[in-house]
Amino acid sequence: MATTAERVRQLVADNLEVDGQPVAVPADLSVSLTDVGVPSMDFVAFAKVLVREFDVPLTPDDCAGFSSLKDLAAYIDAQAA
Amino acid sequence: MLRSSAVGWWWRPFTEVAEAAVFLIDLAPDAAHEARALEWLSVTERARSRRFVHAGPRRRFTLCRGALRAILCHRLGCDSQRLTFGTSSHGKPFARVDDMPEPISFNVSHGRSHGLIAVAPRGRLGVDIEERRAREDLEDLADAVLGPNEKREFGLLRGDARTQFFFRMWTLKEALMKALGLGFSLDPAEFEVPIAVRRGATTGTFRFPDRPRVLWRVDDLGTEDFAAALALEPIPDRCGSSDG
Ligand SMILES: CC(C)(COP(=O)(O)OP(=O)(O)OC[C@H]1O[C@@H](n2cnc3c(N)ncnc32)[C@H](O)[C@@H]1OP(=O)(O)O)[C@@H](O)C(=O)NCCC(=O)NCCS
């Protein structure tokens, strides 16, 4: 069973692109989507993808509080616990 | 001060709103522009530029930051080396000269091919630019960022008008959120663009429901090429407050 971090990484790869190229993030999710160059509109749409995938509450302002995707994955785990 | 050269500038005056000047930045690939901008960046900014994995975001950051340095240095009458940037708790940059904070107000936004920089002597401001495109996830986005009346109006529109409306609302809201300095730490669905502006007026006034003391000015700066907006805090008088 894939961990939340692995699933988030896969969802980034499947759903986000920058200038038509898939977005690759490091396995430890130590970057934020803003660092990678994902604009805020794509980032808000991605929050909706995460809500559907993990069935957790997640608004754009929740996401703004995370300094990296790692924090985001930890939040999802905490909500699901 | 930054001297002109054969390379030319990649920004130009776009419009003026009250005391704010707005510049349009050309973000098209141009090796000479990028090299010139990079020369003006600080060591930290160059390191940030290098960290971008994708060439597009790297170029947009570099060209906007270079233009921002040139515009601010011109207004502040200083060399680029003396100018540094601090950030507020939510990441909004502010200018320092010789390590002393400057009251000058500015904000930056990068779209895909164009950026905007707004600058004013005082008063908080925010700017946003987005190149419009039909998106499959427009419903999801509208659901996340529009307030109840905005959603109802969005629901009545179809096709291109729907896309236009959404991008107008998005840029107006993001300009306000950036003016306040909170970015997406503020829930965009919890406030609505003034009704006259929703119906097409290009300028209007606005109060955040939970911060009603400041009357903000909002301007739709959209063109055929992009949606864009500016939010501006009127210059407070001597008794005025800016706690909003
Ligand atoms: C800041 C934010 C509003 C920018 O949105 P965007 O549409 O992607 O970007 P724009 O091009 O319009 O604006 C970017 C510029 O806004 C400025 N900015 C950054 N934070 C800001 C803030 N809190 N308020 C106002 N302006 C801000 C910066 O100048 C930035 O450009 P620079 O980094 O090249 O200097 C939005 O990304 C945000 O709220 N981010 C924080 C959340 C976050 O990054 N979460 C990651 C979780 S994984």
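The residue numbers shown here count from 1 along each chain, following its written sequence. Following the order in which they are written, the chains are lettered starting with A and the ligands numbered starting with 1. Thresholds applied to this predicted model are a pLDDT of at least 70 for local features of residues and 80 or more for the giving and counting of side-chain atom pairs; totals over whole chains, interfaces and linings are not thresholded and use all residues. Hydrogen atoms and water are omitted, and side-chain values are computed over all heavy atoms in the structure.

Quick word on the overall build of chain A
Short version of the rule: Elements are defined by DSSP. Helices are runs of H or I of four residues or more, strands are runs of E of two residues or more, and each kind is numbered from the N terminus. Between the two quantities, the radius of gyration covers C-alpha atoms and the globule rule is 2.2 Å times the number of residues to the power 0.38. For every residue, the accessible area obtained with a 1.4 Å probe (protein chains only) is divided by the maximum for its type, and the residue is called buried under 20%, exposed over 50%, and partly exposed between those limits. Residue burial considers only the protein chains on display, and all accessible areas are found by Shrake-Rupley using a 1.4 Å probe. Think of it this way: Lys and Arg go in the positive column, Asp and Glu in the negative one, and His and the chain ends go nowhere. For the purpose of locating charges, the reference atoms are NZ of Lys, CZ of Arg, CG of Asp and CD of Glu.
In terms of helices and strands, chain A carries five helices and two strands. Secondary structure elements of chain A occur, N-terminal to C-terminal, as α-β-β-α-α-α-α. Taking 12 Å as the expected radius of gyration for a compact globule of 81 residues, we find that chain A reaches 11 Å, a close match to that expectation. With the principal axes as the frame, chain A shows a C-alpha extent of 35 × 25 × 20 Å. Per-residue burial for chain A yields a buried fraction of 43% across its 81 residues. Accessible surface computed for chain A: about 4,100 Å², of which carbon and sulfur atoms make up 50%. Put simply, chain A has 5 plus and 13 minus side-chain charges, and the middle of one group is 4 Å from the middle of the other.

With respect to the overall build of chain B
Cut-off, in case you're wondering: Working rule for contacts: check all heavy atoms of both residues, and any pair within 4.5 Å makes them a contact.
Counting its regular elements, chain B contains seven helices and eleven strands. Relative to the 2.2 N^0.38 estimate, which gives 18 Å for 244 residues, the radius of gyration of chain B is 18 Å and therefore close to what a compact globule would have. Across its three principal axes, chain B shows a C-alpha extent of roughly 50 × 45 × 30 Å. Classification of the 244 residues of chain B by burial places 52% in the buried group. At a minimum sequence separation of 6, the contacts of chain B that also span at least 24 residues come to 57%. Accessible surface, chain B as shown: approximately 11,600 Å² in total, 50% of it carbon and sulfur. Distance between charge centroids for chain B: 3 Å, based on 36 positive and 34 negative side chains.

Observations concerning the interface of chain B and chain A
Short version of the rule: Accessible area, probed at 1.4 Å, shrinks when two parts are joined; the buried area is that loss added up over both. Polar contacts, as counted here, are pairs of nitrogen or oxygen atoms within 3.5 Å of one another; within protein the pair requires one atom able to donate a hydrogen and one able to accept it, and residues that are adjacent in sequence qualify only if both atoms are side-chain atoms. Amino acids outside the nonpolar list (Ala, Val, Leu, Ile, Met, Phe, Trp, Tyr, Cys, Pro) and the charged list (Asp, Glu, Lys, Arg) are all regarded as polar, and Gly is one of them.
Taken together, the contact pairs 23 residues of chain B with 19 residues of chain A. Contact with chain A buries surface across chain B, with His54, Asp140 and Phe184 of chain B losing the most and accounting together for 34% of the total. Between chain B and chain A we count seven residue pairs in polar contact (both at pLDDT 80 or more) in total. Broken down by secondary-structure element, the contributors of at least two residues to the side of chain B that touches chain A are helix 3 (55-76), helix 4 (138-145) and helix 6 (159-180) of chain B. Per element, the largest residue contribution to the side of chain B that touches chain A is five residues, and it comes from helix 4 of chain B. Residues of the side of chain B that touches chain A, tallied by class, amount to ten nonpolar, three polar and ten charged.

So, the packing of aromatic side chains
Residues and elements named next belong to chain B. The line we're drawing: Side-chain rings of Phe, Tyr and Trp, where Trp is taken by its six-membered ring, are said to pair if the distance between their centres is within 6.5 Å; with planes under 30 degrees apart they count as stacked, over 60 as edge-to-face, and otherwise as tilted.
What the rule picks out here adds up to 17 aromatic pairs over all chains. Between Trp9 and Trp40, the ring centres sit 5.8 Å apart and the planes meet at 55°, which makes this aromatic pair tilted. Within this pair, whereas Trp9 is found in the segment before strand 1 (11-17), its partner Trp40 is found in helix 1 (residues 31-40), the two being separated by 31 residues in sequence. Taking the relative accessible area as the measure of exposure, Trp40 reaches 10% and is therefore buried. Consider the rings of Phe206 and Phe208, whose centres lie 4.8 Å apart with planes at 85°: the pair is edge-to-face. For the residue pair Phe206 and Phe208, the accessibility class agrees, reading buried in each case.

Some points on the sheet that holds strand 10 (residues 211-220) of chain B
All names here are of chain B. The condition that has to hold: Each pair of strands is called paired provided DSSP finds at least two bridges between the two strands. Comment: axis = line fitted to C-alpha atoms, over the contacting stretch for helices; angle = value between 0 and 180 degrees taken between N-to-C directions.
The four strands are arranged 8-11-10-9 in an open sheet whose pairing can be described as antiparallel. In this open sheet, the two edge strands, each paired with only one partner strand, are strand 8 (125-130) and strand 9 (203-208). With strand direction ignored, the average angle separating the axes of adjacent strands in the sheet is 25°. Here six bridges tie strand 8 to strand 11 (residues 227-232), and the two strands are oriented antiparallel to one another. Of the residues in strand 11, the one forming a bridge with Ile129 is Ala228. Against the sheet, helix 6 engages strand 8, strand 9, strand 10 and strand 11, with an angle of about 150° to strand 8.

A few points about the confidence of the model for chain A
As a reminder of what qualifies: Residue-level confidence of the predictor, termed pLDDT, takes values from 0 up to 100.
Model confidence for chain A is summarised by a mean pLDDT of 92, while 100% of its residues fall at 70 or above. Looking over chain A, one finds the lowest element-wise mean pLDDT in helix 4 (residues 60-64) of chain A, namely 85, and the highest in helix 1 (residues 4-15) of chain A, namely 95.

Some details on unusual backbone geometry
Of all residues except glycine, most have a negative phi; of all peptide bonds, most are trans. Even without being a glycine, Asp55 of chain A presents a positive backbone phi close to 55°. For Asp55 of chain A, the position within the fold is in the loop between helix 3 (40-54) and helix 4. On the basis of relative accessibility, which here comes to 70%, the residue Asp55 of chain A falls in the exposed class. Of note, Ala18 of chain B is a non-glycine position whose phi angle comes to about 50°, a positive value. In this fold, Ala18 of chain B is placed in the loop between strand 1 and strand 2 (20-26).

Some thoughts on the packing of helix 1 of chain A against helix 5 (residues 69-80) of chain A
All names here are of chain A. To keep it simple, the criterion reads: An angle below 35 degrees is read as roughly parallel, one above 145 as roughly antiparallel, one from 65 to 115 as roughly perpendicular, and any other as oblique. Crossing handedness is read from the near helix: turned anticlockwise from the far helix by less than a right angle, it gives a left-handed crossing, and turned clockwise, a right-handed one.
Across the interface, helix 1 lies against helix 5 with an axial gap of 9 Å and an inter-helix angle of 125°. Classified by the interaxial angle, the pair formed by helix 1 and helix 5 is oblique. Our pair here, helix 1 against helix 5, has a crossing hand that is right-handed. Only Leu69, Ala73, Ile76 and Asp77 of helix 5 make contact with helix 1, whose side of the interface consists of Thr4, Ala5, Val8 and Val12. Taken together, the residues of the contact of helix 1 with helix 5 break down into six nonpolar, one polar and one charged.

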